[in-house]
Every structure is written in C-alpha cells, then in structure tokens.
Amino acid sequence: DSLAHQYGCEVWSERHWQIVENFAKTAVSNGINMLLTPLLTPPLDTNPGKERLTTQLLGITVENGEYSFDFTLVDRWIDMCDRVGIKYFEICHLFTQWGAFHAPKVVAYVDGVEKRIFGWDTDATSPEYIHFLRSMLTEFIAHMKSRGDDRRCFFHISDEPLEAHLESYKKARAVVADLLEGYKIIDACSHVEYYLEGIITNPIPANDMTTPFLENNVPDLWTYYCCIKRKKV
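On a predicted model such as this, the values are computed, not experimentally measured, just so you know.

What follows deals with the overall build of the protein. The helix and strand tally for the protein stands at 7 helices and 10 strands. A globule of 233 residues ought to have a C-alpha radius of gyration of about 17 Å, and the protein, at 18 Å, matches this closely. Across its three principal directions, the C-alpha atoms of the protein cover 55 × 45 × 35 Å. Taken across its 233 residues, the protein has 47% of its residues classed as buried. Restricting the contact set of the protein to residue pairs at least 6 apart, pairs at least 24 apart contribute 62%. When the accessible surface of the protein is summed, it comes to about 12200 Å², and 50% of that surface belongs to carbon and sulfur atoms. The positive charge centre, built from 23 side chains, and the negative charge centre, built from 33, are 5 Å apart in the protein.

Structural data, given as structure tokens:
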C-alpha cells in the first residue's frame, strides 16, 4: 500500500506489480528470503476505526451467506516471488494488532457489489467472522497444497500482543489452531509469558526485549528490529 501511495498508482495495476517486484528483487539481493503476503489487507499499525489502502490479494464472493474464493492474484504473487527468489510467504495477520480483538478489513463482492464485510466493527470471535475465517483458511491451504507450496507459508495471529491481552489472543488463536496444526505460527511478541504458557511457540521479540527469551532457552529464537528501536539498542 505504501508503494501505491508513493508512486501514485492503482493497487495491483500493471505499474504497481512492476514496482512491487522491483522492491522484492532488491530485498532478495539484500538477504531477505520471506515476503509479507497480503492475502487480506494487513491490519498493521492501523489506529482503531481507521483502515489502510486495500491490498487484499484474495478475491471473495458472498452468495447466500457462503463464500467462494478467487486465487488469481495470489497465484500471480507466488509466481512473482518465484521469479525473484523469495522462498517463503509470511501470510498477513488474521486479527487486528494490540490484542486480537477485531477482524482485519475484508472486502468482498456481495450480490455483485464490492463492499467491506469485516473490520473494526467485527468482534474477533464473532460467529460470522469465525465462519468466514475457517472457510477461507481451509480453501487457501487446499489451494496451496495443490500447488505444492503450503509448507512455504508462515502464519500470523496478531501483532505484538501485550501481557494484558493473553486471554483475547488465546481465544483468537483457538479459532484457527486446528486448521494451522503443523504449520509455523510466528508473531512479534515481547512478553515471555506467551511462550511460557505455550500460547506462542515461535515468539519473535523486539531486539531490546530478547533477554527473558534467551534466559528461557527459546529454541531457534528470532528477533525483530524496526525504526522505533532507535535509541539505546
């Protein structure tokens, strides 16, 4: 979405695809081997009630309360990644940041009209969103298996849950835990309680919050760094 804003082009226009591929190619040349994949518009760093520019790759149609999915743009994304040397797909977060309380923005065609069907006004564990999410993940994993690419996927629940969000995160994760059994679930998480309670098995703390995770011998520990970590790190 930032590239579409910066270069003044329509999302998933031919110009946008070329720009994204150029950046992905540059990322690979600098050692990156995984790319955040906007199956849905990523609900990252988005204030409650606000939304990012729609970048959802997944085509969604709703008829009589049931969902059908078009993977055309998803396949084009994978083909692009293959061309430039991306090995893994980081599937965007399934719930909002800072507690997993809500659904991300989801756009679909309903009776032939494109509209937002989920967002900040949707509770994370509402029956409507659970039905959609389980339908979507089931179809997506089946599609990726048919391509032979499902094991290239890493999944997210919610970004940087705080200690106070243990219960809401746990409830959100339970919605999809059985469908994602055997797949890597990775989340930025700087509170070691999530690991100690077995809620997040692959936590990724910020690089100034790694000490408790190192002290608890988290295997294959990753860390993350970003512009906010600019002082005393």
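A few words on the sheet that holds strand β6 (residues 113–118). Taken in spatial order, the 4 strands make up an open sheet running β3-β2-β5-β6, and their pairing is mixed. The sheet is open, and its two edges are formed by β3 (66–70) and β6, each paired on a single side. Across the sheet, the mean angle from the axis of one strand to that of its neighbour is 40°, orientation sign disregarded. In this sheet, strand β5 (residues 106–110) lies alongside strand β2 (residues 59–63) in parallel orientation, the contact comprising 2 bridges. Paired with Thr61 across the bridge in β5 is Tyr109. Of the strands in this sheet, β2, β3, β5 and β6 are in contact with helix α4 (residues 127–147), which crosses β3 at around 35°.

Tracing the sequence through the fold places Asp159 in the loop between β7 (153–155) and α5 (166–176). Arg52 provides the closest opposite charge to the buried, salt-bridge-free Asp159, at an N-O distance of 9.5 Å. Reaching out from Asp159, the side chain makes a polar contact with the side chain of Gln97 at a distance of 3.0 Å. Residues contacting Asp159, with those up to four places away along its chain left out, are Leu44, His93, Gln97, Trp98 and Ala188.

Now for the layout of surface pockets. Of the pockets and cavities examined, the largest pocket occupies roughly 1600 Å³. Lining the largest pocket are 40 residues, with Leu35, Leu36, Leu44, Glu90 and His93 sitting closest to its centre. For the lining of the largest pocket, the elements supplying multiple residues, two or more each, are α1 (2–7), α2 (14–29) and β1 (34–37). For the lining of the largest pocket, the residue count by class is 25 nonpolar, 8 polar and 7 charged.

What follows is about the packing of α2 against helix α3 (residues 72–84). Packing of α2 against α3 brings their axes to within 9 Å, and their N-to-C directions diverge by 40°. With respect to their mutual orientation, α2 and α3 come out oblique. α3 is crossed by α2, and the crossing has right-handed handedness. Facing α2, whose interface residues are Glu14, Trp17, Val20, Glu21, Ala24, Lys25 and Val28, α3 presents Leu73, Arg76, Trp77, Met80, Arg83 and Val84. Its residues assigned to classes, the contact of α2 with α3 shows 8 nonpolar, no polar and 5 charged.

A word on unusual backbone geometry. Positioned with a positive phi, Asn64 is a non-glycine residue whose angle comes to about 55°. Residue placement: Asn64 occurs in the loop between β2 and β3. One non-glycine residue, Asn217, adopts positive backbone phi at about 55°. Here Asn217 is to be found in the segment after α7 (211–215).

Across its 13 residues, α3 extends 19 Å between first and last C-alpha, which sits within 8% of the 18 Å expected from 1.5 Å per residue. Buried residues of α3: Val74, Trp77, Ile78, Met80, Cys81 and Val84, and no others. Looking straight down α3, one finds that the buried residues subtend no more than 160° of arc, so they occupy a single side. Exposed side chains of α3 directed beyond 90 degrees from the buried face belong to Thr72 and Arg83. Of the surrounding elements, those touching the buried residues of α3 are α2, β1, β4 (88–91) and α4. In the segment just after α3, Gly85 is the residue with positive phi, at about 100°.

Scoring rules and cut-offs
- Residues numbered from 1 in each chain as written.
- Predicted model: local features only at pLDDT ≥ 70, side-chain atom pairs only at ≥ 80, totals over all residues.
- Heavy atoms only, no water.
- Helix = DSSP H or I, 4+ residues; strand = E, 2+ residues; numbered from the N terminus.
- Rg over C-alpha atoms; globule rule 2.2 N^0.38 Å.
- Buried < 20%, exposed > 50% of the residue type's maximum accessible area, 1.4 Å probe, protein only.
- Contact = heavy atoms within 4.5 Å.
- Areas by Shrake-Rupley, 256 points an atom, 1.4 Å probe, with all protein chains shown as cover.
- Lys, Arg positive; Asp, Glu negative; His and termini not counted.
- Charge placed at Lys NZ, Arg CZ, Asp CG, Glu CD.
- Pairing = 2+ DSSP bridges.
- Axes fitted to C-alpha atoms, helices over the stretch in contact; angles between N-to-C directions.
- Salt bridge = Lys/Arg side-chain N within 4 Å of Asp/Glu carboxyl O.
- Polar contact = N/O pair within 3.5 Å; in protein donor to acceptor, adjacent residues only side chain to side chain.
- 1 Å grid on protein atoms, 1.4 Å probe; cavity = no way out; pocket = protein on both sides within 12 Å on 5 of 7 lines; lining within 4 Å.
- Points joined across faces, edges and corners; volume = space filled by probe spheres on them.
- Nonpolar A, V, L, I, M, F, W, Y, C, P; charged D, E, K, R; others polar.
- Parallel < 35°, antiparallel > 145°, perpendicular 65-115°, else oblique.
- Left-handed = near helix turned anticlockwise from the far one by under 90°.
- Expected span 1.5 Å × (residues − 1).
- Arc of directions from axis to C-beta.

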